[in-house]
Structures are given as C-alpha cells and as structure tokens.
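The lines below spell out each chain.
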Amino acid sequence: MTAVHTPGAPWVEDGQLVSTNPATGAEAGRFPVASADDVAGAVERAREAGRWWAGLGFAGRKARLLRWRALLAQQITELADLVNRESGKPAAEAIVEAIAAIEHVDWSARNARRVLGPRKVRSRPVLAEFSAHLEYQPFGVVGVIGPWNYPVVTPLGSIAYALAAGNAVVYKPSEYTPAVGQWLVDSFARVVPEHPVFEIVHGLGDVGAALCRSGVGKVAFTGSTATARKVMAACAETLTPVLMEAGGKDAMIVDSDADLDRAAEAAVWGGLTNAGQTCIGIERVYAVEPVYDAFVTKVVERAEKLTVGAGKGADIGPITMPAQLDIIRRHIDDALARGGRAVLGGPESVQPPYVKPTILVDVPEDSAAVREETFGPTLTIRRVRDADEAVELANAVPYGLGGSVFGRRRAVAIARRLRSGMSAINSALTFVGMSTLPFGGVGDSGFGRIHGEDGLREFGRAKAITQRRGPSVLPAQTFERTPKDVDRIVKVVKLLYGRTR
Ligand code: NDP
C-alpha cells in the first residue's frame, strides 16, 4: 500500500521507511521498519555482543574505536554528501558537523580508561582499616534515540561515549535521517565485524517507544522537549535511567565593549547555520544600548549576503521537516503583529522548502518568537539597558541549553550568570566540539551530560568496593563491639568532628 505523504517528509511503503531530500524530493534510501519484536531482537543481539565488547577491555575497545575514527575521517566527504542528500544540509556545514563527531570518537576512546577504569580512592579516618576502590561498569546495552538536525554529531555524542564505556548500542535514528544512521552503523561494522555491537532499528516514534520499553540499561535521548517527556514516561515503567538532551532557545548577549564585527559574524553563523535548525543555535540576541544600532546594521549586512538553496555550496539549505515551516511562519507573523519589525526578510521569507534569513527587532518578550523554539533562520535582536537586563531576559525562558556572550571586562561573569549548561565567550556554539567539556542543559533543555568526563560517566554505573586491609581499631559495624569500644568511638568522633573547623 502506498500511503499519501507530505512532499519532503519520509513515508512508510510496504514496510519500508522511505527517506527523501527535502529540497528535491529525491529518494535517499529505504529501510525496513522495525516491529516491537525486531526491537527486542536487536537488543538481545546487542546484549550478547556487548558481553564480548566489554570483555575486550579499555585497550581493545580503544584500538577498534580509533580505527573507526580513522575510517570516519577518511570518508568525511562521502558522509557529508550523504547528509546533504538526505537532510538538505549544505555539504560544508555537514563537514563541520562531522569534524566534531570525529573528535568525540577520538577523545572518548582515549580517555575512557582514565575516567572509568578501576582506581583506588582515599579512605577516611573512621574506616582507616579499609581500602576504597571505584570503577564504572557498563550498563550492557544503551538505547540511543536521535534527531535529524545533526544526524552525525548528535547521536555520536552519546554513541561514541557509550561504546568507549563498554556498552553495546541500539540506535533509533530520526525517521528523517535513517540513511545517515545506517551509514554510521555500517561503517562501524567494517572495523568491528565480529559481533553486532552497534545495532540500528528504523521507524517512526513507536519504534523509539519500543526501545524505551525493551529492557536496555539506559536510554540516551536527543530531541524535542515534548518527546523527552514521553520518553521519560515510557522509561519510568521499567525504571530505565535516561539522559535527556532536549530543545533550546539560546541567547547571545552583546556587551558595550564587544568586538561588534566578531559579534555580528557569530550571531549570523550561530543563528542561521543549518538554516537555524540547531538545538544550541542562537535564537535571541540582547545588545546593550550603546552598541545596539551598529550591531544590528552589521548583522543585517552579513545575513543579507547569505545564499539560500539546494546546491552543495549554498549557505542555507531547506527546512528539513515540512511541518516546521508553519511554526517559523507563525513566529514571524506573531512577532510582526505584536509590534515587532523585520529589518531583514519577513513573512515573504518563507518560501517552502526554504526560509530566507529574517532579522526581527522590537519583538515583545512574551511572543512566540522569543519564548518558543523557532528552528529557522531567524533572529530576534533586542535593545537592553545594560548587561544585567540582558541576563535577566536571557534567563526568562524555560529552556537553558547554551548561549553566547560578546564582551571583554564582564564577559566571564555574564557567562556564569546565564542559566544554561554551556556558554561561549566571543564565539558561538564552540563548546559542542570541545570534547573535554560536558554538554547538556537545564530546565526544559533536559538533564544529564554527554561529552567530556561527565559524558563518559553517564554510560557507566559507579561500582564502589571496600576491602579490609587490617583489624578494626574502632569496631563499630559489628555486634561484637563492647561498651568500652562504643565509648572510645564516641571520643574519637568528638575529636575528629566535634570542632567547628
Ligand atoms: P523529536 O522529539 O521529534 O524526535 C527525536 C527522536 O525521538 C526521533 O528519533 C523520533 O522518531 C523519536 N521519537 C518520537 N516519538 C517518540 C516516542 N514516543 N518515544 C520514543 N522516541 C520517539 O525531535 P526532532 O527529531 O524533531 O529533533 C529536533 C529537536 O531536537 C529540537 O527540539 C532540538 O532542539 C532538539 N535537539 C537537541 C539537542 C541537544 O543536544 N540538546 C541536539 C539536537 C537537537 P521519529 O523521528 O521517527 O518521530
């Protein structure tokens, strides 16, 4: 049966998920839709493979993950072309994305033993006769559910770390980017052909829901806040722990001592890269009074030069999800109806499947364009009295993912005050490729961290071991203690902890 489908959106035909390019409609691939039994089978195979993978130890996994990293680097243009064919993302932007992903595979492979491996930790005086040991053991199978907007770096930000920690992975890619997901799995199987350590299941949201209920040890979810709630509810049924990377509405603050050219360049790139379909994309800018006019002029000068189209060399590609066009249009219309002005673009910028750059000013703070995730190549810029007002407004939305600050003297202090998981000073988005730093949000943007040491620890269970190394001087934890022992213990405790400093 051939279902009626929205042009540019994937559809299911004869049990196959058909993925197409949103700009041209050209087919990018067909993949069998997994049933709940298929999901269970994939998890079971992964569980078996995971035992072998865990048994390789950190060194064995590192060697294989570095071979995978090398293959990804060698085939980076092939991968970027596929991202371009399937999601419409300009190839140069897909290369930038793949570089960050490769960096994460490299770092997680090289650092997993140091962060997660067995180590001795210090004992405390009251239990001095015991040594203390800590290690992080794999969950077995980790389920990863990913979005379409960054189909390489977003899933790999979880997958690489989960694998390095010794887990097998079952991955459910977005229905909009199954071909890229399949390519990643196939490339891994080329360097690790022995067992299906990294499995994939294709399909729509119900396949993701089946993965949540499949008995995996943990679910790492990246996607919208609305779906994050459903994933958490499904995982709650089996107490499956979750890592939530959800939506954002990131702000940039431009202070009075900012380099305005750099700030405008970063606002335009940070806001409009990937046609604005970026979880950590800049969607709102707060520029202080003395620099506001010059900043807006510089942003418009740059944004109006950007090329929009399906070509590999275009700056801005199509909107990947057709339904998003209505949201973008609604945000622009609402902003203008409520007193905002478009200093570049406007309602006429929405020309499906494209949206041309649109810069909005004087938009009320309670409008949809300021409070909801727009996910299009639009920016709101607001004039503020000073950095304090900028911080207050930046923090006044339920999201708290990333953000950016341009300035000199106060920049670090402002960055600290932003209610978000990450801040970039005098740049935008740069923290995503910094594999030594954790990545994740607060509030409606989710919880838990991918990347860096915290990202590795998300994919291991802390295992604590104490070991006796001598007789107890203060035998508290035994029924064989005497009243004299208890007196001595009380004396020691008062001596150790009875002081106020
Ligand atoms: P969605 O929430 O629509 O989908 C995310 C994934 O969840 C998809 O694979 C989807 O499958 C799957 N899914 C849908 N319903 C369910 C369900 N009931 N149970 C389990 N899984 C389900 O997000 P998008 O794909 O549209 O991605 C865009 C969003 O992702 C934006 O909000 C963006 O900000 C956010 N994002 C966050 C990032 C971060 O690191 N914080 C990074 C990148 C994006 P299907 O596609 O088949 O419906």
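Residues numbered from 1 in each chain as written. Predicted model: local features only at pLDDT ≥ 70, side-chain atom pairs only at ≥ 80, totals over all residues. Heavy atoms only, no water.

Turning next to the overall build of the protein. Regarding its fold elements, the protein presents 16 helices and 23 strands. Relative to the compact-globule value of 23 Å for 501 residues, the protein shows a C-alpha radius of gyration of 25 Å, a close match. Computed over 59 positive and 55 negative side-chain charges, the inter-centroid distance for the protein is 11 Å. (Helix = DSSP H or I, 4+ residues; strand = E, 2+ residues; numbered from the N terminus. Rg over C-alpha atoms; globule rule 2.2 N^0.38 Å. Lys, Arg positive; Asp, Glu negative; His and termini not counted. Charge placed at Lys NZ, Arg CZ, Asp CG, Glu CD.)

The next point concerns the environment of His133. The topology assignment puts His133 in strand E5 (residues 130-138). When the C-alpha atoms of His133 and Gly345 are compared, they prove to be 60 Å apart, with 212 residues separating the residues in sequence. Dropping the residues within four chain positions of it, His133 is found in contact with Arg119, Lys120, Val121, Lys463, Ala464, Ile465 and Gln467. Here the side chain of His133 touches Ser131 through a polar contact of 3.0 Å, side chain to side chain. (Contact = heavy atoms within 4.5 Å. Polar contact = N/O pair within 3.5 Å; in protein donor to acceptor, adjacent residues only side chain to side chain.)

Remark: helix H9 (residues 260-272) packs on helix H10 (residues 289-303), axes separated minimally by 9 Å, with the N-to-C direction vectors making an angle of 50 degrees. In this view, H9 runs oblique relative to H10, as classed from their interaxial angle. When the axes of H9 and H10 are compared, the crossing they make is right-handed. Seen from H9, the contacting residues are Leu260, Asp261, Ala263, Ala264, Glu265, Ala267, Val268 and Leu272; seen from H10, they are Val291, Ala294, Phe295, Lys298, Val299, Arg302 and Ala303. For the contact of H9 with H10, the class distribution of residues is 11 nonpolar, no polar and 4 charged. (Axes fitted to C-alpha atoms, helices over the stretch in contact; angles between N-to-C directions. Parallel < 35°, antiparallel > 145°, perpendicular 65-115°, else oblique. Left-handed = near helix turned anticlockwise from the far one by under 90°. Nonpolar A, V, L, I, M, F, W, Y, C, P; charged D, E, K, R; others polar.)

Our focus in this paragraph is the domain arrangement of the protein. Looking at the assigned domains, one finds that the protein contains domain 1 (11-246 + 452-460), domain 2 (250-433) and domain 3 (474-501). A straight line from the C-alpha centre of domain 1 to that of domain 2 covers 30 Å. Counting from both sides, the interface comprises 21 residues of domain 1 and, opposite them, 24 residues of domain 2. For the pair domain 1 and domain 2, the summed buried area comes to about 1900 Å², and 58% of that belongs to carbon and sulfur atoms. Run the count over domain 1 and domain 2 and you get 0 salt bridges. Across the domain 1-domain 2 interface, the total number found is 7 residue pairs in polar contact (both at pLDDT 80 or more). The set of elements that each furnish at least two residues to the side of domain 1 that touches domain 2 consists of helix H3 (76-87) and helix H4 (91-116). Sort the elements by how many residues they give to the side of domain 1 that touches domain 2 and H4 lands first, with 6 residues. (Domains from an automatic or database assignment. Buried area = accessible area lost by both parts, 1.4 Å probe. Salt bridge = Lys/Arg side-chain N within 4 Å of Asp/Glu carboxyl O.)

Taken N-terminus to C-terminus, the directions of helix H1 (residues 36-55) and helix H2 (residues 57-74) make an angle of 105 degrees; their axes are 7 Å apart at the nearest point. Of the possible angle classes, the one that applies to H1 and H2 is roughly perpendicular. Packed against H1, whose contacting residues are Trp52, Trp53, Ala54 and Gly55, the element H2 presents Gly57, Arg61, Arg64 and Leu65 at the interface. Each residue belonging to the contact of H1 with H2 can be placed in one class, and the counts come to 4 nonpolar, 2 polar and 2 charged.

All right, on to empty space enclosed by the protein then. Summed over the entire model, instances satisfying the criterion amount to 2 cavities of 30 Å³ or more. Roughly 90 Å³ of volume is contained in the largest cavity. Along the wall of the largest cavity there are 15 residues; nearest its centre are Ala251, Arg284, Ala394, Gly402 and Arg419. Looking at the lining of the largest cavity, the elements with two or more residues in it are strand E11 (250-254) and strand E18 (399-400). Classifying every residue of the lining of the largest cavity gives 6 nonpolar, 5 polar and 4 charged. Roughly 40 Å³ of volume is contained in the second largest cavity. Residue assignment for the lining of the second largest cavity shows that the elements contributing at least two residues are strand E12 (282-288) and strand E17 (378-384). (1 Å grid on protein atoms, 1.4 Å probe; cavity = no way out; pocket = protein on both sides within 12 Å on 5 of 7 lines; lining within 4 Å. Points joined across faces, edges and corners; volume = space filled by probe spheres on them.)

The pairing of strands in a sheet happens through backbone hydrogen bonds and is either parallel or antiparallel. Read across the sheet, 3 strands follow the order E1-E2-E3 without closing on themselves; strand pairing throughout is antiparallel. The open sheet is flanked by strand E1 (11-13) and strand E3 (27-32), the only strands paired with a single partner. Across the sheet, the axes of successive neighbouring strands diverge by a mean angle of 30 degrees, strand direction being ignored. Note: E1 against strand E2 (residues 16-20), 3 bridges, orientation antiparallel. (Pairing = 2+ DSSP bridges.)

The next subject is H10. When the terminal C-alpha atoms of H10 are compared, their 21 Å separation across 15 residues agrees well with the 21 Å that a helix rising 1.5 Å per residue should span. Where H10 is buried, its residues contact E11, H9, E12, strand E13 (341-344), strand E16 (358-361) and E17. (Expected span 1.5 Å × (residues − 1).)

Time to look at the site of the ligand. In the vicinity of the ligand there are 32 residues, among which Glu175, Ser224, Thr227, Cys279 and Glu373 approach most closely. In the environment of the ligand, an oxygen atom lies 2.7 Å from a nitrogen or oxygen atom belonging to the backbone of Gly146. One of the side-chain N or O atoms of Thr227 is found 2.7 Å from an oxygen atom in the ligand. One can see that the ligand is located within the largest pocket. Of all elements in the fold, only helix H7 (205-212), strand E9 (218-222) and helix H8 (225-236) reach the threshold of two or more residues within the shell around the ligand. (Near = heavy atom within 4 Å. Sits in = over half its atoms within 2 Å of the grid points.)

Using the criterion set out here, one finds 31 salt bridges in the structure. Where Lys298 meets Asp261, a salt bridge forms, and the shortest distance between an N and an O atom there is 3.1 Å. Taken as a pair, Lys298 in helix H10 and Asp261 in helix H9 lie far apart in primary sequence, 37 residues in all. Judged by its relative accessible area of 36%, Asp261 falls in the partly exposed class. One salt bridge connects Glu389 with Arg385, and the closest N-O pair in it is separated by 3.7 Å. A relative accessible area of 17% means that Glu389 is categorised as buried. Among the residues examined, Arg385 registers a relative accessible area of 58% and is labelled exposed. (Buried < 20%, exposed > 50% of the residue type's maximum accessible area, 1.4 Å probe, protein only.)

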